[in-house]
Amino acid sequence: MSTNMAHAHIRQLSAPTFGGVRLLDAIELPDGRCIAIFPKTLTIPQAETALGLENGDATSLNGGAYVRLDATPVGLSPTTPENDILAGRNVAIATRNGEPIETVLEWIKYHHIHFKMTGAVIFDRSAPESSDLTTLKMAIDALKVPFRAILVGSPIPLGDPTKPAEAHPWCVREAPGHDRMEVPPPDPWVSPLFETAIYEIARHRWLGKSLAAANIDICDLLFEAPGKLLNKRAFQTPFDMAAAQPGQVVLLEGQHCYPWRVRESQPPSYADHICTQFDNPKFRQRWCVALPQLREKSLLLTRRIPKTQVCGEASFFRYMAIRHPSDRASLIVPKTSLVENKLLLQTAKRLHQFKPVRLPRIKAESSSKKDVRTAIVTTMKNEGPFILEWLAYHQAIGVQNFLVYTNDCDDGTDTMFDLLQSKGILQHRENPFREVGLKPQHAALQAAEDEPMLTNADWAICMDVDEFLNVKVGDGTLAALYDAVGDANMISCTWRLFGNSDLHLFEDIHTIGQFDRCAFEFSPKPHQAWGFKTLFRNIGIFKKMGVHRPKGLRPQLWEEINWVNGSGDPLPKEEFRNAWRSTTETYGYDLVSLNHYAVRNAESFLVKRDRGRVNHVDRDQGLAYWFRMNNNATEDRSIMTRIPMMEEKLAALMADPEIAAQHHACVAAHRAKIDELRERPDQQVFYSQLTSPRMERLSRMHGFFGSNVFLAGPESVPDDVIWGDHAEDFYFTVDTVDETQH
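Residues numbered from 1 in each chain as written. Predicted model: local features only at pLDDT ≥ 70, side-chain atom pairs only at ≥ 80, totals over all residues. Heavy atoms only, no water.

### Section: the packing of aromatic side chains
Argument step 1. Under the definition given, this model contains 29 aromatic pairs.
Argument step 2. For the ring pair Phe468 and Tyr597, a centre distance of 5.6 Å and an interplane angle of 85° mean the geometry is edge-to-face. Of this pair, Phe468 sits in strand S22 (residues 467-471) while Tyr597 is found in the loop between strand S29 (592-596) and helix H16 (602-611), placing the two residues 129 residues apart along the sequence. By the burial criterion, Phe468 is buried, and Tyr597 matches it.
Argument step 3. When the ring centre of Trp260 is taken as origin, the NZ or CZ atom of Lys335, which lies over that ring, is 3.9 Å away. (Phe/Tyr/Trp six-rings, centres within 6.5 Å; stacked < 30°, edge-to-face > 60°. Helix = DSSP H or I, 4+ residues; strand = E, 2+ residues; numbered from the N terminus. Buried < 20%, exposed > 50% of the residue type's maximum accessible area, 1.4 Å probe, protein only. Lys NZ or Arg CZ within 6 Å of the ring centre and 35° of its normal.)

This is the structure we're talking about:
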């Protein structure tokens, strides 16, 4: 046969049965010895027992038994190596798991043309009854390139017996909702590769005279940056590097890539893949090595070859929709993380002569530092006594617009907002959560998207009536904050949890004047302590408002994001899509915090618990919630300097007799509800727990506890821990618990 033509050979793993167990393969060595390779499901002792020999040298290979035998045992027929087929060739050791024949041919031609790859050992993962190796062989034989391929079938499955088909999104860790997916039944014929001893099998059966070998799959394409392929410059391929340094290894680092969209009625192709993740790039490690010169005991692992010197590095892309076929990239990756990769885009056009579907082109809306009209979107239920102070305070610091959604109020809250709307102070809407089937807060934010008040705002934030923006720079106004953060277009305002300051009775006086006890600034636990709400420029970088931050990032605009924390320090890009709380690296309070008065006093907490939670309607605000959110560890009175500003606005509101009358009616309704609840025996018990010396003591001890204590609740803390004298570094925690119990 002409050396300028391709040719493929079909082979099988021998998978012999010996000693009552099945091997993956047994291979004869040139010096008369033999290698027996067992599946991962067998331990080394089981393998040695099956062989019945004492002269074997057994070791673990990727979790399976790999046994070197000084002589072939009677009854075991090892395969004879065929090293001449791929002699002197640069070879890939690859797996094929469902990729179409056309894709395999494109993979071969690409690597032959651009990387001087002249051979491959391809392990086909399909079950024998569905194998198309004969058809694939014919297709490869028809290629007019000097290429040799060994196509290896297997009579036994090589996949993970506990996992579903590799094509399923569940097998992609970055797939949206991965942790919530229903796991399909396992299928080891097509599940992710489990028997990675195939690399050693290929080494000893076919690659003893090869030039260099790389373990890349059919869904992988080698690459050279920056664009040497595109510029047609001579460069040293990974095969060149490995051959030049016999016995040393070239590390291959592969990045995941994705299509933005696959054209309708077409299978995914390499040329569709023009995107990578801007914030969470996934990398895989592989290798390229000259196998004949590699020490025999340097076993081939999937990601590395231990105890082997590294002589160079190269790169590849893993084409995720090739291995995990889908016409919608959103099934395997959050599309909000995808950005066009210039090298991939150029490759699609120039090497593949293909016009891929690109990201829509959009621009962020322009804005000026002088544009500081701020809007708050909020949801409320039975918050009547606390409305006017919160409204007056935020008016005083510079909020111009308020959009309020209410539902199921019976204390006059909705009446108050109707009245305020009639006087042009704010806008009030009935929460449509029942009609749209969402939780109240999410329903309100969805409804707010088309409201002119929000679309016309320069800055916006979603926040609650128990949250107060505490600006600590300049004159305490938002204008001063915006000036302090310069060109930032997002500001995370981290919660500072304020406790009840041991005040148990409700009084109609200022929230921000009553409660000055709070968490320490450094309070990473409980995880709720560092939740944040985000002031953001309304310039179209995100598609919609979220509870903690805007959501639905338009990835084309990710570089437009200038997000700072409460100290004006930039947040890393890894936080851009999903962050809702600060971390030890990202918290900051120097310029602004969000004072969160989640519990107020014990009497008002009875009413809060009775009305239920706005967003998590199915969760009880019981003793565990009080324990987590009632933090009296230290003192912060910084917001109180703004009380005169607030009182000026409040006086203007209360000067209207209708507003004043409605406020007093709300206070009376709140008082009446407290009295009603305190008559109930169950609430009497609950109130006594809230106000007990035990709970007062616990409210000052949060810094001593591990995260699980806050999940388990206050009952998990023994009395001797509560009442003991502890050093500053004292630490107490409990075993892991299920948060849904609380």
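### With respect to the pattern of salt bridges
Argument step 1. Enumeration over the complete set of coordinates arrives at 37 salt bridges.
Argument step 2. Residue Lys423 pairs with Asp656 through a salt bridge whose shortest N-O separation is 2.9 Å. One end of the pair, Lys423, is in the loop between helix H10 (413-422) and strand S20 (427-430); the other, Asp656, is in the loop between helix H18 (643-654) and helix H19 (657-678), with 233 residues separating them in the sequence.
Argument step 3. Exposure remark for Lys423: the relative accessible area of 31% places this residue in the partly exposed category.
Argument step 4. The partner of Asp502 in a salt bridge is Arg700, and the shortest N-O contact between them spans 2.8 Å. Taken as a pair, Asp502 in the loop between strand S23 (490-497) and helix H15 (511-514) and Arg700 in the loop between helix H21 (693-698) and helix H22 (707-712) lie far apart in primary sequence, 198 residues in all. (Salt bridge = Lys/Arg side-chain N within 4 Å of Asp/Glu carboxyl O.)

### With respect to the environment of Trp530
Argument step 1. Residue position: Trp530 is located in the loop between strand S24 (517-518) and strand S25 (532-537).
Argument step 2. On the basis of relative accessibility, which here comes to 1%, the residue Trp530 falls in the buried class.
Argument step 3. Along the sequence, Trp530 and Trp495 sit 35 residues apart, while their C-alpha atoms lie 5.5 Å from each other.
Argument step 4. Discounting chain neighbours no more than four positions away, the residues touching Trp530 are Thr494, Trp495, Glu521, Phe522, Ser523, Pro524, Arg581, Ser582, Thr583, Thr584, Tyr587 and Tyr589. (Contact = heavy atoms within 4.5 Å.)

### Concerning unusual backbone geometry
Argument step 1. Looking along the chain, the bond that leaves Lys525 and enters Pro526 is cis, with omega of -5°.
Argument step 2. Residue position: Pro526 is located in the loop between S24 and S25.
Argument step 3. Phi is positive for Asn62, close to 50°, though the residue is something other than glycine.
Argument step 4. Positionally, Asn62 belongs in the loop between strand S6 (57-61) and strand S7 (64-69).
Argument step 5. In this structure, Asn382 takes a positive phi of about 55° despite not being glycine.
Argument step 6. By relative accessible area, Asn382 is classed as buried at 11%.

### Quick word on the packing of helix H2 (residues 101-115) against helix H3 (residues 133-141)
Argument step 1. One can describe the packing of H2 onto H3 by two numbers: an axis separation of 10 Å at closest approach and a directional angle of 40°. Between H2 and H3 lies a crossing whose hand is right-handed. Every residue of H3 that contacts H2 at Ile101, Val104, Leu105 and Ile108 is listed here: Thr135, Leu136, Ala139 and Ile140.
Argument step 2. For the contact of H2 with H3, the per-class residue count stands at 7 nonpolar, 1 polar and no charged. (Axes fitted to C-alpha atoms, helices over the stretch in contact; angles between N-to-C directions. Left-handed = near helix turned anticlockwise from the far one by under 90°. Nonpolar A, V, L, I, M, F, W, Y, C, P; charged D, E, K, R; others polar.)

### Quick notes on the pairing of S6
Argument step 1. When S6 meets S7, the two strands line up antiparallel, connected through 5 bridges. Paired with Leu61 across the bridge in S7 is Gly64. (Pairing = 2+ DSSP bridges.)

### What about the side chain of Thr237?
Argument step 1. Within the element layout of this structure, Thr237 appears in the loop between helix H5 (228-231) and helix H6 (238-244).
Argument step 2. Residue Thr237 is classed as buried on the basis of its relative accessible area, which comes to 2%.
Argument step 3. If we ignore the near neighbours within four places in the chain, the residues touching Thr237 are His114, Phe115 and Lys116.

### With respect to the nonpolar core
Argument step 1. Counting residues in hydrophobic clusters, the biggest one holds 83 residues, and the most contacted among them are Leu420, Leu469, Ile491, Leu535 and Phe705.
Argument step 2. The biggest single contributor to this core is helix H9 (residues 387-397), with 7 residues.
Argument step 3. Those residues in contact with Leu535 that sit more than four places away from it in its chain are Thr374, Trp459, Ala460, Ile461, Leu469, Leu478, Leu481, Tyr482, Asn489, Met490, Ile491 and Cys493.
Argument step 4. Membership of the second largest hydrophobic core comes to 49 residues, among which are Tyr110, Ile216, Leu222 and Tyr270. (Core = buried A, V, L, I, M, F, W, Y, C linked by side-chain atoms within 4.5 Å.)

### Focus: the sheet that holds S7
Argument step 1. Taken in spatial order, the 4 strands make up an open sheet running S4-S5-S7-S6, and their pairing is antiparallel. Each edge of the open sheet carries a strand with a single partner, namely strand S4 (25-28) and S6. Shown here is a sheet whose adjacent strand axes are inclined to one another by a mean of 20°, direction ignored.
Argument step 2. Contacting strand S5 (34-37), S6 and S7, helix H1 (residues 44-51) crosses the sheet at an angle of about 40° to S7.
Argument step 3. Relative to S4, helix H4 (residues 198-206) is tilted by about 30°, and along the sheet it contacts S4, S5, S6 and S7.

### A look at the confidence of the model for the protein
Argument step 1. Averaged over every residue, the pLDDT of the protein is 93; the share at 70 or more is 96%.
Argument step 2. Throughout residues 613-619 the model reports pLDDT below 50, and contacts reaching past four residues in sequence, or to other chains, amount to 12 contacts. (pLDDT = per-residue confidence, 0-100.)

### A few points about H9
Argument step 1. The element H9 is extensively covered by neighbouring structure, given that 10 of its 11 residues are classed as buried.
Argument step 2. Immediately beyond the C-terminal end of H9, within one or two residues, lies Gly398, with a positive phi of roughly 120°.

### Some words on the pairing of strand S15 (residues 283-289)
Argument step 1. Summarising the sheet, strand S11 (residues 212-214) and S15 pair through 2 bridges and their orientation is antiparallel. Bridging across to S15, Ala213 finds its partner in Val289.
Argument step 2. Bridging between strand S13 (residues 249-259) and S15 involves 7 bridges; their strand directions are antiparallel. Bridge pairing in S15 links Leu251 to Trp287.

### Regarding the state of the cysteines
Argument step 1. Applying the stated rule across the entire model yields 0 disulfides.
Argument step 2. Here Cys275 is not disulfide-linked; the sulfur of Cys257 is the nearest cysteine sulfur, at 9.1 Å.
Argument step 3. A relative accessible area of 0% places Cys275 in the buried class.
Argument step 4. Take Cys493: it sits in no disulfide, and the sulfur closest to it among the cysteines is that of Cys462, at 12 Å.
Argument step 5. Under the relative-accessibility criterion, Cys493 is labelled buried at 0%. (Disulfide = S-S within 2.5 Å.)

### Notes on the packing of H16 against H19
Argument step 1. Two elements in contact, H16 and H19, have axes whose closest approach is 9 Å; the angle formed by their N-to-C orientations is 85°. With respect to each other, H16 and H19 are oriented roughly perpendicular. Across from Glu603, Ser604, Leu606, Val607 and Asp610 in H16, the residues of H19 making contact are His670, Arg671, Lys673, Ile674, Leu677 and Arg678.
Argument step 2. A breakdown of the residues in the contact of H16 with H19 according to their chemical character gives 4 nonpolar, 2 polar and 5 charged. (Parallel < 35°, antiparallel > 145°, perpendicular 65-115°, else oblique.)

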